[in-house]
Amino acid sequence: MLSRVSRILEQLNSAWDVLRTMTPSEYTMFREALGQSSGFQSYQYRMIEYLAGNKNAAMMRPHAHDEAVHTRLEAARQAPSLYDQAIRVLHRRGLMIDDKVRDRDVTAPHAADDSVRAAWMAVYRDPAHFWELYELAEKLVDFEDYFRRWRFNHVTTVERVIGFKRGTGGTSGVSYLRRMLDVVLFPELWQVRTEL
């Protein structure tokens, strides 16, 4: 399933190739009609962020007017993320994960932890023994890689089309999007690459 999700993200990334052909002049012809419309209003995108572990409670506000959507998003915010579940699998397979990680507040973004890094290191040092966990780790890296590309394509397309104007939803536009490039969802999976 994670392989399929990565292929879907690959398709979404291809859509930026079309969007970036729009010139600034062409965009200004209809930008005013967008009003305050913004990607912040996409509950589907917010759901992806929450399921992936980027759980910023402030991002619930644009959905406060729609009770059904707000309820679904809040449920996702309160639930363990994909990475929380992966870490729990590591523990169930006998790898030591600190209690503070297993019992953490899942409404907050995951912070890198030495016990999680050590568990993934054990997996990467013996992939034959931990083959399913190794495959899971690589599928998670694929997912984050494609998601990062989507964010990068987003920021460069926005900069190319509107420059550094404020975003339609009231954000700082490109500056905000660039900060999102620094969000790392599965930090230990990237850290182990340096240590191997």
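Quick summary incoming for the structure in this document. (Residues numbered from 1 in each chain as written. Predicted model: local features only at pLDDT ≥ 70, side-chain atom pairs only at ≥ 80, totals over all residues. Heavy atoms only, no water.)

1. Comments concerning the packing of aromatic side chains
Both the distance between ring centres and the angle between the ring planes are used here to describe each pair of aromatic rings. Tallied over the entire structure, the rule returns nine aromatic pairs. Through pairs of rings, three or more aromatic residues link up here, namely W16, Y45, Y83, F143, F147, W150 and F186. When the ring centre of W190 is taken as origin, the NZ or CZ atom of R148, which lies over that ring, is 4.2 Å away. The ring centre of Y146 lies 4.8 Å from the NZ or CZ of R149, which sits over that ring. (Phe/Tyr/Trp six-rings, centres within 6.5 Å; stacked < 30°, edge-to-face > 60°. Lys NZ or Arg CZ within 6 Å of the ring centre and 35° of its normal.)

2. Brief notes about the packing of helix α5 (residues 82–92) against helix α8 (residues 131–162)
The N-to-C vectors of α5 and α8 enclose an angle of 165 degrees; their axes lie 11 Å apart at closest approach. On the basis of their axis angle, the class for α5 and α8 is roughly antiparallel. Here the hand of the crossing between α5 and α8 comes out left-handed. Contact residues: L82, Y83, A86, V89 and L90 in α5; L133, L136 and L140 in α8. Residue composition of the contact of α5 with α8, by class: eight nonpolar, no polar and no charged. (Axes fitted to C-alpha atoms, helices over the stretch in contact; angles between N-to-C directions. Helix = DSSP H or I, 4+ residues; strand = E, 2+ residues; numbered from the N terminus. Parallel < 35°, antiparallel > 145°, perpendicular 65-115°, else oblique. Left-handed = near helix turned anticlockwise from the far one by under 90°. Contact = heavy atoms within 4.5 Å. Nonpolar A, V, L, I, M, F, W, Y, C, P; charged D, E, K, R; others polar.)

3. Side note on the pattern of salt bridges
Evaluated as defined, the whole model comprises 14 salt bridges. The closest approach of N and O atoms between R151 and E49, which form a salt bridge, is 2.9 Å. With R151 in helix α8 and E49 in helix α3 (residues 43–52), the pair connects residues that are 102 residues apart, well separated along the chain. For the residue pair R151 and E49, the accessibility class agrees, reading buried in each case. Where E138 meets R193, a salt bridge forms, and the shortest distance between an N and an O atom there is 2.6 Å. Pair noted here: E138 is in helix α8 and R193 is in helix α10 (residues 187–195), with a separation of 55 residues, a long-range link. Overlapping salt bridges bring together D114, R117 and E195 as one network. (Salt bridge = Lys/Arg side-chain N within 4 Å of Asp/Glu carboxyl O. Buried < 20%, exposed > 50% of the residue type's maximum accessible area, 1.4 Å probe, protein only.)

4. Let's talk about the side chain of S6
Note on placement: S6 falls in helix α1 (residues 2–19). Among all residues touching S6, those that are not within four sequence positions of it are K139, D142, F143 and Y146.

5. Some points on the nonpolar core
Counting 32 residues, the largest nonpolar core has Y83, L90, W120, L140 and L189 as its most contacted members. Those elements that provide at least two residues to this core are α1, α3, α5, α7 (114–125), α8 and α10. Not counting residues up to four positions away in its chain, the partners in contact with L90 are L95, I97, A119, W120, V123 and L133. (Core = buried A, V, L, I, M, F, W, Y, C linked by side-chain atoms within 4.5 Å.)

6. Here we look at the environment of H91
Relative to the helices and strands, H91 is located in helix α5. Counting along the chain gives eleven residues from H91 to R102, while the straight-line C-alpha distance between them is 8.6 Å. Setting aside residues no more than four positions away along its own chain, H91 makes contact with I97 and R102.

7. Some details on the environment of A75
Along the polypeptide, A75 turns up in helix α4 (residues 67–78). Taking relative accessible area as the criterion, A75 reaches 48% and is therefore assigned partly exposed. Spatially, the C-alpha atoms of A75 and S175 are 30 Å apart, while their sequence positions differ by 100 residues.

8. Digging into α5
Listing the buried residues of α5 in full gives Y83, D84, A86, I87, V89 and L90. Residues of α5 that are buried sit in contact with α6 (99–102), α7, α8 and α10. Positioned one or two residues after α5, G94 has a phi angle of 95 degrees, which is positive.

Spatial relationships are all this shows, so hold off on functional conclusions.
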